[in-house]
Amino acid sequence: MPSDTTLTPATIPAPPVESRRAPISVVGPVAWMRANLFSGWLSTAITLALGYLIITRLISFVDWAFINAIWSVPVNATNQPDTSACRAARGVGACWAVVTEKHRFILFGTYPFEEHWRPALACVIFVALYIVSAMRRFWRKELALIWIAALTAIGVLMWGGVLGMPFVPQERWGGLPITLILSTFGLAFAFPLAIMVALGRRSRMPAIKAICVLYVELIRGVPLISLLFMASVMFPLFLPEGMNIDKLLRAQIAIILFAGAYLAEVVRAGLQALPKGQYEAADALGLSYWNKTGFIILPQALRMVIPPLVNTFIGFFKDTSLVLIIGIFDLLTAGKTAIVEPAWQGFGVEVYITIGLIYFVFCFAMSKYSQGLETELNQHRRR
Amino acid sequence: MSAAFETVASAARLDAPPAISMDRVNKWFGALHVLRDVSLDVALGERVVVCGPSGSGKSTLIRCINRLETHQEGHILVDGIELTDDVRALDAIRREVGMVFQSFNLFPHLTVLENCTLAPIWVRRMPKREAEELAMEYLNKVKIPEQAKKYPGQLSGGQQQRVAIARALCMKPKIMLFDEPTSALDPEMIKEVLDTMVALADTGMTMICVTHEMGFARQVADRVVFMDRGEIVELGTPDQMFNSPQTERLQLFLSQILRGH
């Protein structure tokens, strides 16, 4: 190194340099297309072939779903829907008339028709509850009260029997409210349960640890369907004569226990990923076990496992549809039943697309929300 | 720098009962015998530097003092309370013993101020306002009050370690343990942390430091403890230890340390 250059970069003023923009041939959409779609003759051929396929499929789907679709059908003399137009258009156009005609049955099942506003309002309350809970400024103690109030209101609406609303037994509930009830209560109870079990599995007390390990391994070791069967068929056999626990409640408990075991393992992964130093620092400061867990361990552990947590949440939202095997009328079962009627037989695709869309909206919202939450909560990791 | 903390003239108070008393302490990690018959008394206000080659058990020794590690034989008394499985005694001891770690171990999801106020609020039951004032006072003393609202990840290593010192001091401990506080730092940041520790030593705080910083040991230590293979090999004033080491092992260690610097 020449002796006359001193290494003090901070003191030497940098000479002004005009920054030049990158040439259009390197950045921008044209360059991107050239690099990724038309980089050679093979790549160009594949791009063109796939492009042709996608465009023709898209056109025929739009034709089927919108242009040739039948949105409603007339009613014939016997007050039955006349589906001959739909049958004629089969394979050419979608028969959305089945959805228009049957949407109330799909959404609310066998709930008394003139009382449908009650489950509808219950669904609105659920969605409002999700939105409020999602906003960080409502993350206070009062949120628990909001939940209790909302869930009570939903119970009153669904059962009725007060305020001039006729009583509707649980057997007649169905459709979307059932799906929302099962998944909301399921996850709301399974999550705290999972945290306790995950902490218990790491407990130094052997009895607690053994119980938690046993619970997780037992529940995880059997399919959800068998748990639901046990809840609906076997469990009542063990109850004393005359005593009966609501079927929905039994299914609900089975779902809570099942989801709890899975979530517990996700939470445990977060607890284990946290550096040992965090536990030691909290101990050295003299924080009690619960203060340490509540302020230091869980906030960090849960942030780390947001992606697998949401993954499990979404999975369980859809898994609630398995209750159809024990005869509970959730959204999917209601949709399936709607097309049993002779007039509408054979229009399953339209109904299933609609139900799929409803599931998708909820799951996609969860997914999007969790992405936002992740960036927001992990701000402290960025410099 | 020493003006930052109020200076206490008298150092070790040898007439008072010892702050820490270890009597023939033994510890094993599985089959590995990591502490062998370690006996050491530390007087109130005394500054002890523990040094030794890596794996000599020096970190384990000070981690036994606040029971981050449990010992299997012997007795440890801290502030007159014996360390046993008794959780209440342990809580009482941890309230009085602050610790600074090699890897800082700040809570990354809390701001610097929250890091400092958490324990005073929840362990000492201090009102939030008071805890914040106290925290700002100590952040002032470690010279980073302007970083109070930042997250630890936004600070340099030296700044983080000074926050860690302030966090421990906010509990108003009687004893401070330092476990290689400068080993994870870039050379240019070591000095700022050592300066803070020197200033703290000048206040008469009882300190036990595991460190390789021999300059620091000479400057502040009342006694230096040299450990090797789990036992205390030699013990004395910095002057005795560095200028006329008695044992071959200490001579060897010092020659290696000095060559390294």
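For the structure, see preceding data.
Residues numbered from 1 in each chain as written. Chains lettered and ligands numbered in written order. Predicted model: local features only at pLDDT ≥ 70, side-chain atom pairs only at ≥ 80, totals over all residues. Heavy atoms only, no water.

## Describing the overall build of chain A
Then, number 1: In terms of regular secondary structure, chain A is built from 15 helices and zero strands.
Then, number 2: A compact globule built from 383 residues would reach a C-alpha radius of gyration of about 21 Å, whereas chain A, at 29 Å, exceeds it by more than 25%.
Then, number 3: For chain A, the spread of C-alpha atoms along the principal axes amounts to about 105 × 65 × 40 Å.
Then, number 4: Taking all 383 residues of chain A together, 41% fall into the buried category.
Then, number 5: In chain A, 72% of the contacts between residues at least 6 apart in sequence involve partners at least 24 apart.
Then, number 6: Per element, the accessible surface of chain A, about 22,100 Å² overall, is 70% carbon and sulfur.
Then, number 7: Looking at charge distribution, chain A has the averaged site of its 31 positive side-chain charges lying 8 Å from that of its 21 negative ones. (Helix = DSSP H or I, 4+ residues; strand = E, 2+ residues; numbered from the N terminus. Rg over C-alpha atoms; globule rule 2.2 N^0.38 Å. Buried < 20%, exposed > 50% of the residue type's maximum accessible area, 1.4 Å probe, protein only. Contact = heavy atoms within 4.5 Å. Areas by Shrake-Rupley, 256 points an atom, 1.4 Å probe, with all protein chains shown as cover. Lys, Arg positive; Asp, Glu negative; His and termini not counted. Charge placed at Lys NZ, Arg CZ, Asp CG, Glu CD.)

## Observations concerning the sheet that holds strand β9 (residues 223–228) of chain B
Residues and elements named next belong to chain B.
Then, number 1: Strand order in the open sheet formed by six strands is β6-β7-β8-β3-β9-β10, and the pairing between neighbours is mixed. With one partner strand each, in any of the chains shown, β6 (97–100) and β10 (231–236) form the two edges of the open sheet. Going across the sheet, the axis of each strand differs from the next one's by a mean of 20°, ignoring polarity.
Then, number 2: Both strand β7 (residues 175–179) and strand β8 (residues 206–210) contribute to a ladder of five bridges, which runs parallel. In the strand pairing of β8, Ile175 is matched with Thr206.
Then, number 3: Strands β6 and β7 of the sheet are contacted by helix α2 (residues 87–96), whose axis makes an angle of about 60° with β6.
Then, number 4: Across the sheet, helix α6 (residues 187–201) lies against β3 (47–51), β7 and β8, angled at about 150° from β8, the strand it touches most. (Pairing = 2+ DSSP bridges. Axes fitted to C-alpha atoms, helices over the stretch in contact; angles between N-to-C directions.)

## A short note on the packing of aromatic side chains
Any aromatic ring pair is given by two values, namely how distant the centres are and how the planes are angled relative to each other.
Residue and element names in this part refer to chain A.
Then, number 1: As enumerated under the stated definition, the model contains 17 aromatic pairs over all chains in all.
Then, number 2: Each ring, one from Phe360 and one from Phe364, has its centre 5.2 Å from the other, and the planes form 15°; the classification is stacked. One end of the pair is Phe360 and the other is Phe364, both in helix α15 (residues 348–377) and four residues apart, which spans about a single turn.
Then, number 3: Assessed through its relative accessible area of 48%, Phe360 is described here as partly exposed.
Then, number 4: Look at Phe364 and you get partly exposed, because its relative accessible area is 41%.
Then, number 5: Each member of the aromatic cluster is reached from another via a ring pair, and the members are Phe61, Trp64, Trp71 and Trp96.
Then, number 6: For the cation-ring pair, Lys102 lies above Phe105, with the distance from its terminal atom to the ring centre recorded as 5.6 Å.
Then, number 7: Over the ring of Phe113 we find Arg104, and its NZ or CZ is 4.0 Å from the ring centre. (Phe/Tyr/Trp six-rings, centres within 6.5 Å; stacked < 30°, edge-to-face > 60°. Lys NZ or Arg CZ within 6 Å of the ring centre and 35° of its normal.)

## Comments concerning the environment of Lys172(B)
All names here are of chain B.
Then, number 1: Turning to its location among the elements, Lys172 is positioned in the loop between α5 (157–169) and β7.
Then, number 2: Of the residues examined, Lys172 reaches a relative accessible area of 49% and is grouped as partly exposed.
Then, number 3: Distance in space between the C-alpha atoms of Lys172 and Glu96 is 7.2 Å, their sequence separation being 76 residues.

## So, the pairing of strand β1 (residues 20–29) of chain B
The two faces of the sheet receive side chains in turn, since in a regular strand these alternate between them.
Residues and elements named next belong to chain B.
Then, number 1: Relative to strand β2 (residues 32–42), β1 runs antiparallel, the two sharing seven bridges. Bridge pairing in β2 links Met22 to Leu40.
Then, number 2: Here β1 folds back onto β2 in antiparallel fashion, the turn holding two residues, of which Gly30 has a positive phi close to 60°.
Then, number 3: Alignment of β1 against strand β4 (residues 73–78), held across five bridges, turns out to be antiparallel. Of the residues in β4, the one forming a bridge with Asn26 is Glu73.

## So, the packing of helix α12 (residues 289–304) of chain A against helix α13 (residues 306–319) of chain A
All names here are of chain A.
Then, number 1: Contact pair α12 / α13: the axes reach a minimum separation of 5 Å and the direction vectors enclose 70°. With respect to α13, the element α12 is oriented roughly perpendicular. Across the interface between the two elements, Leu302, Arg303 and Met304 of α12 pack against Ile306, Pro307 and Leu309 of α13.
Then, number 2: Tallied by class, residues from the contact of α12 with α13 come to five nonpolar, no polar and one charged. (Parallel < 35°, antiparallel > 145°, perpendicular 65-115°, else oblique. Nonpolar A, V, L, I, M, F, W, Y, C, P; charged D, E, K, R; others polar.)

## A closer look at the packing of helix α3 (residues 112–122) of chain B against helix α4 (residues 128–141) of chain B
All names here are of chain B.
Then, number 1: Here α3 crosses α4 at 125°, and the two axes come no closer than 9 Å. The angle between α3 and α4 falls in the class oblique. For the pair α3 and α4, the crossing hand works out as right-handed. Contacts between α3 and α4 pair Val112, Leu113, Cys116, Thr117, Pro120 and Ile121 from the former with Lys128, Ala131, Glu132, Ala135, Met136 and Leu139 from the latter. (Left-handed = near helix turned anticlockwise from the far one by under 90°.)

## Points about the sheet that holds β4(B)
Paired through their backbone hydrogen bonds, the strands of a sheet run either parallel or antiparallel.
Residues and elements named next belong to chain B.
Then, number 1: In space, the four strands of this open sheet follow the order β2-β1-β4-β5, with antiparallel pairing throughout. Single-partner strands in this sheet number two, and they are β2 and β5 (81–82).
Then, number 2: Alignment of β4 against β5, held across two bridges, turns out to be antiparallel. For Val78, the partnering residue across the bridge sits in β5 and is Ile81.
Then, number 3: Running over the sheet, helix α1 (residues 58–65) touches β1, β2 and β4 and is turned about 120° from β1.

Just geometry here; none of it tells us what the structure is for.
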